[in-house]
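Breakdown of the fold
If you want the building blocks of each chain, they are given just below.
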Amino acid sequence: MKGLLILAASMAALCASTAAYAADAVDQIPSAPEAVDASPAFSWEGAYVGGHTGYSWGTGQATGLGSDSFDGWRLGAFAGYNWQLSNNFVAGLEGDINYDWADKKYGGGLKLESGFGGSIRGRVGYAFDRTLIYAAGGWAATNVKLKTPVGNDDDTLNGWTVGGGVDYAFTNDVFGRLEYRYNDYGRGELLGRNVDFKENIVQVGVGVKF
């Protein structure tokens, strides 16, 4: 009888020890690791190239011919470099070259028209991840030509440009652009006539960043 009591007590102690061990094992089961987004944040840093097209609403003035509208389509290309600073600020430098189909015909066979032009601009902006809102300004130039029945003359006008826009990255490499500019090309001379030219431009573009 005494042996049975000892055996029963031993079995009870063994069961209690096993239950305690099992409870400790459950407590020590590691929790599943939290999911971590390993994809890097998008950056506008680096060089880029692209093309754009748009429409210009210009105003030209020439001595003896008065002031008139010079509206037309444009086509061009651009290239630049962005530096992404802290707090999502972006600074950059960009250049572009364009051709404007803007002209005005007068009586007597006179025709005043614009052609090739370009600009070099500094840019500052703020990035909301893949959306970059920016302002830009700098030097701008364009070639204007006066055609007459007895001869032609052309001059390159130098002035300034200011504007702003939005770049949106569709992928890590390709972005789209919507932009407005105001160009004041200053004054030149054609066949002894003083001329000046200003224009407002709205254009869209597509670029590739590296």
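Residues numbered from 1 in each chain as written. Predicted model: local features only at pLDDT ≥ 70, side-chain atom pairs only at ≥ 80, totals over all residues. Heavy atoms only, no water.

In the nomenclature of an unreviewed UniProt entry, the protein is known as Outer membrane immunogenic protein of Aliirhizobium cellulosilyticum. Under Subcellular location (unreviewed entry), UniProt gives the following word-for-word description of the protein: "Cell outer membrane". (UniProt positions renumbered as here; feature names shortened; annotations may be inferred.)

A closer look at unusual backbone geometry
In this model, N87 sits at a positive phi of 60°, which is unusual for a non-glycine residue. Along the chain, the position of N87 falls in the loop between strand 2 (66–84) and strand 3 (89–100). Here N87 falls in the exposed class, since its relative accessible area comes to 60%. Its identity is not glycine, yet N88 carries a phi of approximately 70°, on the positive side. (Helix = DSSP H or I, 4+ residues; strand = E, 2+ residues; numbered from the N terminus. Buried < 20%, exposed > 50% of the residue type's maximum accessible area, 1.4 Å probe, protein only.)

Some details on a nonpolar patch on the surface
Side chains of V49, Y168, F170, V174, V206, V208 and F210 sit close together on the surface and give an oily, nonpolar patch of about 650 Å² of accessible area. Secondary-structure assignment places V206 in strand 9 (residues 193–209). What makes V206 exposed here is its relative accessible area of 51%. (Patch = residues over 30% accessible without salt bridge, like charges linked within 9 Å, V, L, I, M, F, W, Y side chains within 5 Å. Areas by Shrake-Rupley, 256 points an atom, 1.4 Å probe, with all protein chains shown as cover. Salt bridge = Lys/Arg side-chain N within 4 Å of Asp/Glu carboxyl O.)

Notes on the pattern of salt bridges
Enumeration over the complete set of coordinates arrives at 15 salt bridges. Between D167 and R123 there is a salt bridge, and its shortest N-O distance comes to 3.4 Å. Residue D167 is located in strand 7 (residues 151–169), and its partner R123 is located in strand 5 (residues 111–128); the two are separated by 44 residues in the primary sequence. Residue classification places D167 among the buried residues on the basis of a relative accessible area of 1%. By sharing partners, the salt bridges in this structure join E94, D96, R121, R123, D167, R177, E179 and R181 into a single network.

Looking at the packing of aromatic side chains
Taken as a whole and judged by the stated rule, the model has 16 aromatic pairs. Aromatic side chains Y99 and W101 sit 4.9 Å apart centroid to centroid with 65° between the ring planes, which places their arrangement in the edge-to-face category. Overall, the relative accessible area of 26% leaves Y99 in the partly exposed class. An aromatic cluster of at least three residues, connected via ring pairs, comprises F42, W44, Y48, F78 and F175. The ring of Y134 has R123 lying over it, and the distance from NZ or CZ to the ring centre is 4.3 Å. The ring of F78 has R177 sitting right over it, with the charged end atom 4.4 Å from the ring centre. (Phe/Tyr/Trp six-rings, centres within 6.5 Å; stacked < 30°, edge-to-face > 60°. Lys NZ or Arg CZ within 6 Å of the ring centre and 35° of its normal.)

Here's the deal with the pairing of strand 7
Direction of pairing for strand 6 (residues 131–148) relative to strand 7: antiparallel, over a ladder of 18 bridges. By the bridge assignment, A140 is partnered in strand 7 with G159. Here strand 6 folds back onto strand 7 in antiparallel fashion, the turn holding two residues. Across 10 bridges, the pairing between strand 7 and strand 8 (residues 174–190) is antiparallel. Each bridged residue has a counterpart across the sheet, and for V162 the counterpart in strand 8 is Y182. Taking the residues between adjacent antiparallel strands as the criterion, strand 7 and strand 8 are bridged by four residues. (Pairing = 2+ DSSP bridges.)

A few points about the nonpolar core
Within the largest apolar cluster, 15 residues are counted, with the highest numbers of intra-cluster contacts made by L65, F70, Y106, L112, L157, L190 and V195. Within the residue set of this core, elements represented by two or more residues are strand 6, strand 8 and strand 9. Sort the elements by how many residues they give to this core and strand 6 lands first, with three residues. With near-sequence residues (within four places) excluded, L112 lies in contact with A62, F70, A102, D103, K104, Y106, K145, L146 and L190. Counting nine residues, the second largest nonpolar core, distinct from the first, contains F42, Y48, V90 and A169. (Core = buried A, V, L, I, M, F, W, Y, C linked by side-chain atoms within 4.5 Å. Contact = heavy atoms within 4.5 Å.)

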